[in-house]
Amino acid sequence: MAAVNLSPLPLSDRPLRRFTQLFVGLALYGASMGLMVRAGMGLDPWDVLHEGLTNRIGLSFGTITALTGAVVLLAWLPLRQMPGIGTVANVVVIALAVDATLALLPELHGLPLQIFAMLASVVINGFACAVYIGARLGPGPRDGLMTGITARTGWSIRLVRTGIELSVLALGWLLGGTVGIGTVVYALAMGPVVQAFLPSVALRAPTRVQTPS
C-alpha cells in the first residue's frame, strides 16, 4: 500500500472541511475511549502505562498522563515533527468527549455485550484516529510519534502503530498496570485498523493546474 502523506497543509486550504473533520474525529476518538472503559475488558496500552507509573510514582493519573504527553512531545524533536492546531485540540476535545461518554453511558453487563462494545470501540477508535490525523492539522502527542516514525523510516502505519502499542503495553505491564483481553486486542488491531481507513479519509494536497508558459 502506498504511503499516505500526512504532513500539515496550510490553514487556508479547505479550512471548513478540515476543521470539521478534525473535531468529528477527536469527538469519536474520545467517545470510543469511554466505550472501552465501559466495556470493562482492559485499558488501552497507554492507560496501562499511565496506571503503572501512577502506582510507582504516586502522582495522580491525570498528572502522569500530562507528563507522559510532554515526554512524548520531546521525542518529536529528532523526528522533526511540528505540533499544530490538532495537537492542542487533541488534549481538550478528547478529554471532554471521554467525560461526556462516561456520564451518559452506564456500565455494561454481560460478556457478549462487553465483547461487542470492546470490539466496536477498537474499530471506532482506529477510524477516528485516521479521520482526525487525515485532516492534516497536526496529530496529538502520541499519534505524532507514530506519524513521525513512519515519515522518517518509510515503515507502514500498521507496523509502527503496532510496535508502539506493544512496547507501551509491555512497559506498563512491567510497572504493574492492569492488562485485560481488550488491551491485547487494542494493541494488535489498532495499527491495521488505522492504516485501513487512512487512504479513504486523509486529505490530499490540491492538484496544481499548470498553465502554459
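Look up a bit, the structure's there.
Summarised in this report is the structure supplied together with it. Computed from a predicted model, the values in this text were never measured in an experiment.

1. Concerning unusual backbone geometry
A negative phi angle is the norm for most residues apart from glycine, just as the trans form is the norm for most peptide bonds.
So, step 1. Positive phi values are uncommon outside glycine, yet Arg14 reaches one of about 45°.
So, step 2. Looking at the element boundaries, Arg14 is found in the segment before helix H1 (15-39).
So, step 3. Its relative accessible area of 30% is what places Arg14 among the partly exposed residues.
So, step 4. Phi angles above zero are rare outside glycine, and Arg136 is one such case at about 60°.
So, step 5. Its place among the elements puts Arg136 in the loop between helix H6 (111-134) and helix H7 (141-153).

2. Focus on the packing of aromatic side chains
So, step 1. If you walk through the whole model with that rule in mind, you get 3 aromatic pairs.
So, step 2. Aromatic side chains Tyr29 and Tyr132 sit 6.2 Å apart centroid to centroid with 85° between the ring planes, which places their arrangement in the edge-to-face category. A residue pair is termed long-range when its members are at least 10 positions apart, and Tyr29 in helix H1 and Tyr132 in helix H6 qualify at 103 residues.
So, step 3. Assessed through its relative accessible area of 10%, Tyr29 is described here as buried.
So, step 4. Arg142 extends its terminal NZ or CZ atom over the ring of Trp46, reaching a point 5.2 Å from the ring centre.

Scoring rules and cut-offs
- Residues numbered from 1 in each chain as written.
- Predicted model: local features only at pLDDT ≥ 70, side-chain atom pairs only at ≥ 80, totals over all residues.
- Heavy atoms only, no water.
- Helix = DSSP H or I, 4+ residues; strand = E, 2+ residues; numbered from the N terminus.
- Buried < 20%, exposed > 50% of the residue type's maximum accessible area, 1.4 Å probe, protein only.
- Phe/Tyr/Trp six-rings, centres within 6.5 Å; stacked < 30°, edge-to-face > 60°.
- Lys NZ or Arg CZ within 6 Å of the ring centre and 35° of its normal.

By themselves these figures say nothing about function.
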